[in-house]
Amino acid sequence: MFCAALFLVAFSACARFPLWSLRPLASLERIEGWIPYWVDGDAVAREAIAAGFTDLLLFHGTVDADGNVLLENPDRLEQARSRAAAKNVRTWLTVTNHGRSLEGALGPGRLAAHVDRLLEAFHASGCQHLDLDYESMTTAQALRLPELAGMLAARLDDDVKLSFTLQPVDDRYRRDQRPMVRELLQMPRVTTVRFMMYDYAWRNSLPGALCPLADYLRLLRKWAHDSEKLTVCLPLYGYDWPRPEDVSLPRAESVFLRDVPALPGATFYWMREEGELAARYTKDGVHHMVAVPSLRAVNERVQIALDQGIPAVAFWHLGGADLRSVVRASRRSSRPQEAVSYQEIAGWHSWIMPFKHRVSRVMISDGTSLENLATRYNIPLPTIHRFNSHVQGSLYGQTIFLPTSENL
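Given the structure is predicted, the values throughout are model-derived calculations rather than measurements.

**A look at the packing of aromatic side chains**
Centre-to-centre distance and the angle between the planes together describe a pair of aromatic rings. Under the definition given, this model contains 17 aromatic pairs. Their ring planes at 65 degrees and their centres at 4.7 Å tell us that Phe59 and Trp316 sit as a pair that is edge-to-face. Of this pair, Phe59 sits in strand β2 (residues 55–63) while Trp316 sits in strand β14 (residues 312–316); the two residues are 257 residues apart in sequence, bridging distant segments of the chain. Here Tyr239 and Trp241 contribute two aromatic rings whose centre-to-centre distance is 5.7 Å and whose plane-to-plane angle is 55 degrees, an arrangement assigned as tilted. Of the two residues, Tyr239 and Trp241, both sit in the buried class.

Structure (C-alpha cells):
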C-alpha cells in the first residue's frame, strides 16, 4: 500500500511538471532545523548534530514595532551556537516579526535604520549566516524585501549567506508578492528562499491539512525554474482542534511529533488526498480533529522535492521530535514507520463537508460578496470566511456555506 501511494505521488508530480524541467537529486545537500529561544537550545543542538543536521537556524531575533532587533535569550543562543561551531555545523540567526506589523522596519523611510539594527544583532549573535523570517507582510512591505537584501548584501562579509523564509507565494496565495520572490531568487547574495509549507490550516481555522499535497505541488511547479535555490520547510507539529457541533472557531493546541502516541484514545487516518496523517477522538464529551505530524508525510514531500532538484529541507521546530528519525525520513530510500497504526480514507473533505452541511445553510452564490452575506445574515466575518475558505476567485456559481444563527 505504501509503495502504491508513493507511485501515485510520483505520477502526480510528473503530471504537474514537464519532464524537461526535472533535475532530480539523489539526496539532500542540507537538512536544516529551527531551534527556538524558548527551548533548551544546547540539548536540542546536541541531538540535532548527532542526528546529522547540517544547519541550525537559531530562532532568537525579534523585530519590534520600531524596527529594532532584539536578541532573545542570548545565553541559550550562545550555548547552541558554540556547540554547533565545535562540530562544524552551520549556524544562522533567524530574525522574525512573529507575525506582527513590520511598518517600523519596512515602512517608508525606515529601511536604512532597520538594516543597521539587523547588522548589530547579527554581529552580536556570533552566527555565521542570516535568515529573515518575515510573516504577514503587506504587499508594499513584501515588495521592499529585494531592496533590503541589496542593502544587507552590500554590508555583509562575502562569506556570510543571506536567506529569506517566507509564507507560500504562488498563483493562488499572495499572488501580488510573486515579483518579490522572483527578484530574490535571481539575487546572487540570496543563498536560498525557504517556503513555510505548513499552516494551510491553523489555530483558529476549521480543522484541515497542514500542507495539502496539491498546494505543495503547485508551489514547487511555480518556482521550478529556480528549484536549486529553494528550501522547503516542513512541520514537526500539528494542530488539535476541539470541534463542537456549532460554528464557533475554538483555538487549537499544538501537537508535536513526540506527542502523537499519547493522543487520548485517538483513531488515526491517512488522508489520501492531502498526503497527511489525521486523527479523531472525544474528550469530556467534545469531539476533536487533529492534523497529525507524520514521518511518512515528510518522506513523501522530500522525495518530490528531490525529484524537482530542490537541495534542502528545513523543519519547524527541532524541540518536537526524535531527530534521528526525522533525518532518516529525509532520505530518498527511507520507508519510515509511524509510531501509530492507521487506516486510509479519502481526505479531510469526508469529515469537514458533512459537518458544514449540518451546521450551515447552503446556497449557490449569485456573486454577492462574503462581506455582504455576513452583514445580511448577521454572521461574524471571520466565521463566514473560515467556512468558505474553499472559494477562490469569483464567487458566482460556487457553493457557499452560511453558518446558521442557532449554531452561533
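Next comes the rest of the account.
**Examining the packing of helix α2 (residues 41–51) against helix α3 (residues 74–86)**
Helix-helix packing is characterised by the crossing angle of the two axes and by the distance between the axes. Relative to each other, α2 and α3 sit at 25 degrees, their axes nearing to 8 Å. With respect to their mutual orientation, α2 and α3 come out roughly parallel. In terms of crossing hand, the pair formed by α2 and α3 is right-handed. Contacts from Gly41, Asp42, Ala45, Arg46 and Ile49 in α2 reach Gln79, Ala80, Arg83 and Ala84 in α3. Residue composition of the contact of α2 with α3, by class: 4 nonpolar, 2 polar and 3 charged.

**Thoughts on the confidence of the model for the protein**
Mean pLDDT for the protein: 93, with 94% of residues reaching 70 or above. Predicted confidence for residues 1–17 stays below pLDDT 50, and this span has 25 contacts to residues more than four positions away or in other chains.

**Remarks on unusual backbone geometry**
A cis amide bond links Trp316 to the next residue, His317, at an omega of -20 degrees. The topology assignment puts His317 in the loop between β14 and α11 (323–329). Unusually for a residue other than glycine, Asn88 sits at a positive phi of about 60 degrees. Along the chain, the position of Asn88 falls in the loop between α3 and β4 (90–96). In this structure, Asp284 is a non-glycine residue whose phi angle is positive, near 50 degrees. Following the sequence through the fold, Asp284 ends up in the loop between β12 (276–283) and β13 (286–292).

**Observations concerning the nonpolar core**
If you look at the biggest cluster of nonpolar residues, it comprises 82 residues, and the most contacted ones within it are Phe53, Leu56, Tyr134 and Leu148. Ignoring any residue separated from it by four or fewer positions in sequence, one finds Leu56 in contact with Gly33, Ile35, Ala45, Ala48, Ile49, Ala84, Val89, Arg90, Thr91, Trp92 and Leu318. Ala209, Cys233, Tyr237 and Trp348 belong to the second-largest nonpolar core, a separate cluster that totals 26 residues.

Thresholds, definitions, all that
Residues numbered from 1 in each chain as written. Predicted model: local features only at pLDDT ≥ 70, side-chain atom pairs only at ≥ 80, totals over all residues. Heavy atoms only, no water. Phe/Tyr/Trp six-rings, centres within 6.5 Å; stacked < 30°, edge-to-face > 60°. Helix = DSSP H or I, 4+ residues; strand = E, 2+ residues; numbered from the N terminus. Buried < 20%, exposed > 50% of the residue type's maximum accessible area, 1.4 Å probe, protein only. Axes fitted to C-alpha atoms, helices over the stretch in contact; angles between N-to-C directions. Parallel < 35°, antiparallel > 145°, perpendicular 65-115°, else oblique. Left-handed = near helix turned anticlockwise from the far one by under 90°. Contact = heavy atoms within 4.5 Å. Nonpolar A, V, L, I, M, F, W, Y, C, P; charged D, E, K, R; others polar. pLDDT = per-residue confidence, 0-100. Core = buried A, V, L, I, M, F, W, Y, C linked by side-chain atoms within 4.5 Å.

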